[in-house]
Amino acid sequence: MPRSIVLPTHGKHPNASYARIFDYAAQPKVTRTHCPVCEAPVERVMHGLQDRFGFRISVVTCESCGHAFLLENLTREGYAQFYGGEASPYRRLVWCQRHLPGVPYDMRADAARLIKVQRQYADKLLSWEPLCQALASMTTVLDAGGSTGTVAQMLAPRAALTVLDPSPSELNARPAGIAAIHGFLEDPIPTRQIFDGILFCETVDHLVDPVAALRNVYNVSVPGGVMYIDYVVKTGFKVDHPSYFDERSFRTLLMKTGWKLDDRNGGEKHVGYLCHRP
């Protein structure tokens with residue numbers, strides 16, 4: 001029987017504007033019984049937490065590998081609804097958080113801001129020399145969970161680029177010349193193409209099944225193919241971030257999925273790894 005820890009919520013309730021956009025409490029959910037990384041049984045659960053939108057969540061910290069994750073996740077259909085459509089609930093929730101509640105959603109302004117943030121992120125990555133050296137040899141790149149594909153375009157401008165993402169609105173904002181695959185990384189990737197480079201930028205934290213996702217990109221990589229992957233340093237639990245890593249749990253993930261670690265780049269907001277497929 002899992003041990004439960006109930007935390008006080010101090011009277012905080014979900015913002016009504018957020019609940020109107022997406023009624024998270026009413027959505028069907030799947031309850032985890034085991035850690036998605038090492039498969040150890042759930043032992044300790046923290047209840048009474050609320051994310052940045054005020055949605056109530058429960059969080060598990062695995063005592064075997066250190067991975068933290070949401071106890072309950074939306075169903076696949078729920079995530080498709082959350083990320084789907086031209087103006088997805090996810091994009092509108094983020095917009096509402098950054099603006100006054102009464103400001104109408106502006107899809108063009110949101111896309112412009114998203115691309116600006118992604119360019120700033122890519123600029124920081126380009127300051128890491130081992131990554132730049134690895135990028136120089138890439139000819140076919142899969143941007144896994146790559147949103148608009150902007151980061152891949154900046155990091156590997158000479159490569160043939162493909163971006164895979166569950167959000168149609170973000171895929172539709174991609175620059176010209178980038179191929180797109182709409183879908184979830186936890187599903188087998190519907191392509192016959194094999195890639196010598198994988199970019200997994202600010203994505204693994206969004207995954208319900210990170211093991212399946214890393215195995216899926218492994219399966220479309222050439223032997224010797226390179227992957228850059230990073231995780232976000234934990235700043236708070238969110239419904240859109242079902243996974244939270246630290247050094248121990250992330251190395252467990254890489255080992256379990258067959259990727260070999262070559263280099264590491266630690267930072268205040270992200271911890272990045274260069275890996276290869278043997």
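Residues numbered from 1 in each chain as written. Predicted model: local features only at pLDDT ≥ 70, side-chain atom pairs only at ≥ 80, totals over all residues. Heavy atoms only, no water.

Draft legend 1. Focus on the overall build of the protein chain. For the protein chain, the helix and strand inventory stands at 9 helices and 14 strands. Expected size for 278 residues packed as a compact globule is a radius of gyration near 19 Å; at 19 Å, the protein chain falls within 12% of this value. For the protein chain, the spread of C-alpha atoms along the principal axes amounts to about 55 × 45 × 35 Å. Total accessible area computed for the protein chain in this model is approximately 12,800 Å², and 54% of it derives from carbon and sulfur atoms. (Helix = DSSP H or I, 4+ residues; strand = E, 2+ residues; numbered from the N terminus. Rg over C-alpha atoms; globule rule 2.2 N^0.38 Å. Areas by Shrake-Rupley, 256 points an atom, 1.4 Å probe, with all protein chains shown as cover.)

Draft legend 2. Expanded view of the packing of helix 3 (residues 89-98) against helix 4 (residues 107-125). Relative to each other, helix 3 and helix 4 sit at 85 degrees, their axes nearing to 11 Å. For the element pair helix 3 / helix 4, the angle class is roughly perpendicular. Touching Arg91, Trp95 and Arg98 of helix 3 are Ala109, Asp110, Arg113 and Leu114, all from helix 4. Of the residues assigned to the contact of helix 3 with helix 4, the class counts are 3 nonpolar, no polar and 4 charged. (Axes fitted to C-alpha atoms, helices over the stretch in contact; angles between N-to-C directions. Parallel < 35°, antiparallel > 145°, perpendicular 65-115°, else oblique. Contact = heavy atoms within 4.5 Å. Nonpolar A, V, L, I, M, F, W, Y, C, P; charged D, E, K, R; others polar.)

Draft legend 3. Representation of the pairing of strand 4 (residues 56-61) in the model. Of the strand pairs in this sheet, strand 3 (residues 44-50) and strand 4 are connected by 4 bridges, and their pairing is antiparallel. Bridged to Val45 within strand 4 is Val60. Turn length for the strand 3-strand 4 hairpin, with the two strands adjacent in sequence and antiparallel, is 5 residues, and the turn residue Gly54 shows positive phi of about 85 degrees. Of the strand pairs in this sheet, strand 4 and strand 5 (residues 68-70) are connected by 3 bridges, and their pairing is antiparallel. By the bridge assignment for strand 5, Thr61 is matched with Ala68. Connecting strand 4 to the antiparallel partner strand 5 that follows it, the hairpin turn spans 6 residues, and Gly66 within it adopts a positive phi of roughly 90 degrees. (Pairing = 2+ DSSP bridges.)

Draft legend 4. Summary view of the nonpolar core. By size, the foremost hydrophobic cluster in this structure holds 38 residues, and its most contacted members are Phe200, Val204, Val217, Met227 and Ile229. Among the secondary structure elements, those contributing two or more residues to this core are strand 7 (140-144), strand 10 (195-200), helix 8 (210-219), strand 11 (221-232), helix 9 (247-257) and strand 14 (270-276). Sorting elements by how many residues they give to this core places helix 8 first, with 5 residues. With residues near it in sequence (within four places) discarded, Met227 still touches Ile198, Phe200, Leu214, Val217, Leu254, Trp259, Tyr273, Leu274 and Cys275. One finds Tyr121, Ala152, Ala159 and Val226 within the second-largest nonpolar core, a separate group that totals 24 residues. (Core = buried A, V, L, I, M, F, W, Y, C linked by side-chain atoms within 4.5 Å. Buried < 20%, exposed > 50% of the residue type's maximum accessible area, 1.4 Å probe, protein only.)

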